[in-house]
Amino acid sequence: MSTVTRSASASPCMALNGIIDASLFPLKSTSDVVNLFRRALTSAIEPDLTLLSIVVGYIELSLTTGEAAQAAQAAQAALGNSSDVIMGNSVPFPVVTHELIAGLYKKFQTILSVVDKPKPHRQATRDIIKKVSDVIWNSLIRSSYKDRAHLQNLYSYLSGNKLDCFGVALATTAGCQLLGYRDVRLAISEDHAWVMFGQKRVESIEVTWHGKGSEDKRGQDIGAGIESGSWLYLGGLAVVCERGMEVAAICVALNISLSANSDCVEVAELQQQLLWLLYDLGHLKRYPMALGLLGELEEINRTHRSISCEQLFREAIEASRSYYHNHHVYPHIFQGNYYNRLLKYREAFAAWANAADVIRLYTYQCRDDEEIYKELLDIANELIPYVMKTESSGHSARSILRDAEVFANLLRFYDGICQWEEDSLTPILHIGWAKPLVNNITKFDYDIRSQVVIKLPEDLEAEEAAKKAAAAVAAAAAAAAEEGNNNNNNTVVKKDEKPKSELPTTLADLTAACGEKILNPDFLLQGGGQPFADQKQQATVETETANSNNTDKEATTTTTTSNGGSAAQSPSTEAEHKEAKLEENNTRSSGPVEQTTPIVDDYDPFEIMLKRPVITLYSQKMKGLKDLLLAEKLNTHAISLQVTAQSVASRKVRGAAVDSSRQPATISATITAIASTEVVGGAGGGGGGSAASASSGAGDSIAASRPKRTRRE
């Protein structure tokens, strides 16, 4: 096909006054369409959303519906079950003529003629935007098109009066632009769209519906959706588009599917080239979804030499973290699925866990969060079990089943799902989630599971309090030492004075000592004496030793001081005593502990941290599973019961929230009782009576703590 090349410095392709430059047409190839978009994006006049949406919509529907779809189905039937890819298309690239585009453009202007145009320097109001959406809404065919393809552009609307929920939002934004309201901007979440307007674009209005039904949300503010905690509104951190980003939204909305299992190569190529054009012009840096989509297209057919699809996925995540406080889930899902396709399972598990860390920021809403629910369900019940099955088929030291970090990321993934479920009216983790969860956990041996250090938020608070106490002790000790140096002009410290020179001088010593319960209350409350109890005792002994030189009342003290050899060995004895004390403390703390400050010892906490991953569980369900997950023998029945029973316990009934501080603890205690009962009951002979008593006690605990279930439940 011939390629038409035009200078970028020529007259603008649109003036937003109904006059379309006829010299730009016809468009006969992908290159012609890309040049049209380039001129629109680099012109002094802002891009005309109506014109661009009509052009790409006509091309998309011409190549993916009608004769093209029938030809694709016939070719697929000829191949049968073969996995071959049909690279050609029996339908040629459609020729976009000026007459076609101008006619549809004028039709859209006629539809909007009932809305008043703004006076000079007038901004849009809620009533004006609502009226534009009403005009578009009332002209649609009365049917729901939520799950149908190719209904998201203005060509579909102007040629068949059909639009999906995103198409209505785009048509409203384009209509306001065509009327002259330049302050109206499109706002896009990961599964919804609305409009922002006003001088600072802080006012919002719903202009479309969402969900399977056609429940009308138009005219409402999105504040209620944000307050509900729904993922649909991203906590108010959606992508608020400038004109270039709205053009990017038009390109992202292109649907390349021919049928359920085939895509159109020509439309995919057009979408890929348009997204690269927008990327080079800087319109995608704040658009994580567009970056992720471009990464997937590059994975299928790489066209850029220096930028890989993996880099694009990372840029999407960085955009979410930099501009939207990491409130977007799909960039992490894009990355995780990409690594999974490359068989990089460790990286895939980490990315999926990061996605769960984002979803935990929201509260599950059954109707609004359907799409992301299906994505996470597919990961939990399809992708992860398949990986586990593949990795467990052979024994290898490099298998992810021998990697404690993979197990930690698996727990982090489910912890995010469980916290997403908390305070929701609808439970998530039913038995369909519980069975794959238990099967996935059982794939890891005890020696791998035991390497993971599981912490709770309460542990972090205790550590923070200990750090503050250590800092206070260090500051007080430093102040006391400084005061002693200022008041004492002699270099010799008398024995009957407070032995300030023997205070720990490094923060490492203070931190290590704070791990022992040897703080001196007198020092903390009144500032007198020694910071630590063992130092107080040593000071008392040394004071008595010094006083024994003047008095002979205590025979033991006199004997100690009269023996010169013993006195000479006292420093080494104290040093050995301190080393033994530290070694005893290290032995005593047999549980996994995260060391944040190095101590003066051969023990290197950072080396252990590298080998033993540390995670913090925040959801009530997973906190209740902590002991069961690290047990040598997994109690799968107790784990499954904990996962499903808590779904009922955390529900809000009749508008009254269940006490989250007591109910989860009751359920966790019940599960622990069941686990302990099974362990005791399964033990060998010699303990029959104790096992029976423990079983009866556990039964009473279950009966007392089981939540009352309504008839509906």
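Residues numbered from 1 in each chain as written. Predicted model: local features only at pLDDT ≥ 70, side-chain atom pairs only at ≥ 80, totals over all residues. Heavy atoms only, no water.

On to the overall build of the chain, then. A count of helices and strands for the chain gives 30 helices and ten strands. Relative to its 713 residues, the chain shows a buried fraction of 45%. The contacts of the chain with a sequence gap of at least 6 include a subset with a gap of at least 24, amounting to 70%. For the chain, the exposed area adds up to about 35,700 Å²; of that, 51% sits on carbon and sulfur atoms. (Helix = DSSP H or I, 4+ residues; strand = E, 2+ residues; numbered from the N terminus. Buried < 20%, exposed > 50% of the residue type's maximum accessible area, 1.4 Å probe, protein only. Contact = heavy atoms within 4.5 Å. Areas by Shrake-Rupley, 256 points an atom, 1.4 Å probe, with all protein chains shown as cover.)

Another point: helix 9 (residues 243-252). Since the α-helix advances by 3.6 residues per turn, residues separated by three or four positions end up pointing in the same direction. Within helix 9, ten of the ten residues are buried, which leaves the element mostly enclosed by the surrounding structure. When we look at burial in helix 9, the residues that qualify are R243, G244, M245, E246, V247, A248, A249, I250, C251 and V252.

The interhelical angle for the contact between helix 2 (residues 49-64) and helix 9, taken along N-to-C directions, is 20 degrees, at an axis separation of 10 Å. It follows that helix 2 is roughly parallel to helix 9 by the angle criterion. Note that helix 2 runs across helix 9; the crossing there is right-handed. Where helix 2 abuts helix 9, its residues L49, L52, S53 and V56 lie against R243, E246, V247 and I250. (Axes fitted to C-alpha atoms, helices over the stretch in contact; angles between N-to-C directions. Parallel < 35°, antiparallel > 145°, perpendicular 65-115°, else oblique. Left-handed = near helix turned anticlockwise from the far one by under 90°.)

Sheet strands pair via backbone hydrogen bonds, and the direction of the pair is either parallel or antiparallel. In space, the four strands of this open sheet follow the order 3-2-1-4, with antiparallel pairing throughout. Either end of the sheet is taken by a strand with one partner, and the two such strands are strand 3 (203-205) and strand 4 (239-240). Bridge count for strand 1 (residues 185-188) against strand 2 (residues 193-197) is four bridges, and the pairing is antiparallel. Note on strand 2: the bridge partner recorded for R185 is M196. (Pairing = 2+ DSSP bridges.)

A few words now on unusual backbone geometry. Residues other than glycine predominantly adopt negative phi, and peptide bonds predominantly adopt the trans conformation. A cis amide bond, omega 5 degrees, links F25 with the succeeding residue P26. Of note in the backbone geometry, L234 takes a positive phi value of approximately 55 degrees without being a glycine. You can see L234 is positioned in the loop between helix 8 (223-227) and strand 4.

Here the focus is the pairing of strand 1. Burial along strand 1 is two-sided: R185 and A187 facing one way and L186 and I188 facing the other are all buried. What sits between strand 1 and strand 2 in their antiparallel hairpin is a turn of four residues.

As a further point, take the environment of R314. With respect to the helices and strands, R314 occurs in helix 12 (residues 309-323). A relative accessible area of 42% places R314 in the partly exposed class. Put simply, R314 and G295 are 19 residues apart on the chain and 9.5 Å apart in space, counted from C-alpha to C-alpha.

Let us now look at helix 7 (residues 165-179). With 15 residues, helix 7 should reach 21 Å at 1.5 Å per residue; the first-to-last C-alpha distance of 22 Å fits that figure. Burial runs high along helix 7: 15 of the 15 residues are buried. G180 sits one or two residues past helix 7 and shows a positive phi near 110 degrees. (Expected span 1.5 Å × (residues − 1).)

What follows is about the nonpolar core. Core analysis: the largest hydrophobic core is formed by 96 residues, its most contacted members being F37 and I129. Each residue touching F37, except ones within four places of it in the same chain, is listed here: L52, V56, V247, C251, L274 and L277. Counting residues in each nonpolar core, the second largest holds 70 residues, with V387, A408, F413 and I639 among its members. (Core = buried A, V, L, I, M, F, W, Y, C linked by side-chain atoms within 4.5 Å.)

Bringing the environment of Y105 into the picture now. Secondary-structure assignment places Y105 in helix 4 (residues 98-111). On the accessibility criterion, Y105 (2% relative accessible area) is buried.

Tallied over the full model, the rule gives 16 aromatic pairs. Arranged with centres 6.3 Å apart and planes meeting at 85 degrees, the rings of F108 and Y157 form a pair that is edge-to-face. A residue pair is termed long-range when its members are at least 10 positions apart, and F108 in helix 4 and Y157 in helix 6 (residues 154-160) qualify at 49 residues. Assessed through its relative accessible area of 0%, F108 is described here as buried. When the ring of Y364 is compared with that of Y373, the centres are 5.7 Å apart and the planes differ by 35 degrees; the resulting orientation is tilted. Like Y364, the residue Y373 is buried in the burial classification. Put simply, the rings of W231, F313, Y330, F334, Y338 and Y339 touch in pairs and so form one group of aromatic residues. (Phe/Tyr/Trp six-rings, centres within 6.5 Å; stacked < 30°, edge-to-face > 60°.)

A separate point is the pairing of strand 2. Within a regular beta strand, the side chains point alternately toward one face of the sheet and then the other, so they alternate between its two faces. Counted residue by residue, strand 2 has five buried out of five residues, so it is predominantly covered. Alternating residues of strand 2 divide into A193, V195 and F197 and W194 and M196, and every residue in both groups is buried. Relative to strand 3, strand 2 is paired through three bridges, and the arrangement is antiparallel. If you follow M196 over to strand 3, its bridge partner there is S204. Two successive antiparallel strands, strand 2 and strand 3, enclose a turn made up of five residues, where G198 displays a positive phi of approximately 105 degrees.

Turning next to the environment of Y181. Among the structural elements, Y181 can be located in the loop between helix 7 and strand 1. Each C-alpha atom, one on Y181 and one on A124, is 5.7 Å from the other, the two residues being 57 residues apart in sequence. Those residues in contact with Y181, other than ones at most four positions away along the chain, are D116, K117, P118, R122, Q123, A124, I128, C176 and R243.

So, about the side chain of T173. Residue position: T173 is located in helix 7. Of the residues examined, T173 reaches a relative accessible area of 1% and is grouped as buried. With near-sequence residues (within four places) excluded, T173 lies in contact with L49, V184, R185, L186, V195, R243 and E246.

For the chain, mean pLDDT is 75; residues scoring 70 or higher make up 65% of the total. Scored below 50 in pLDDT, residues 489-504 makes 19 contacts in the model with residues more than four places away or belonging to other chains. Contacts for the low-pLDDT stretch residues 647-713, under 50 throughout, to residues beyond four places or in other chains number 58 contacts. (pLDDT = per-residue confidence, 0-100.)

Before going further, it helps to examine the pattern of salt bridges. Tallied over the full model, the rule gives 19 salt bridges. Among the ionic pairs, R243 bridges to E46, the shortest N-O distance being 3.3 Å. One end of the pair, R243, is in helix 9; the other, E46, is in the loop between helix 1 (30-42) and helix 2, and 197 residues separate them in sequence. Each of the two residues, R243 as well as E46, counts as buried. (Salt bridge = Lys/Arg side-chain N within 4 Å of Asp/Glu carboxyl O.)

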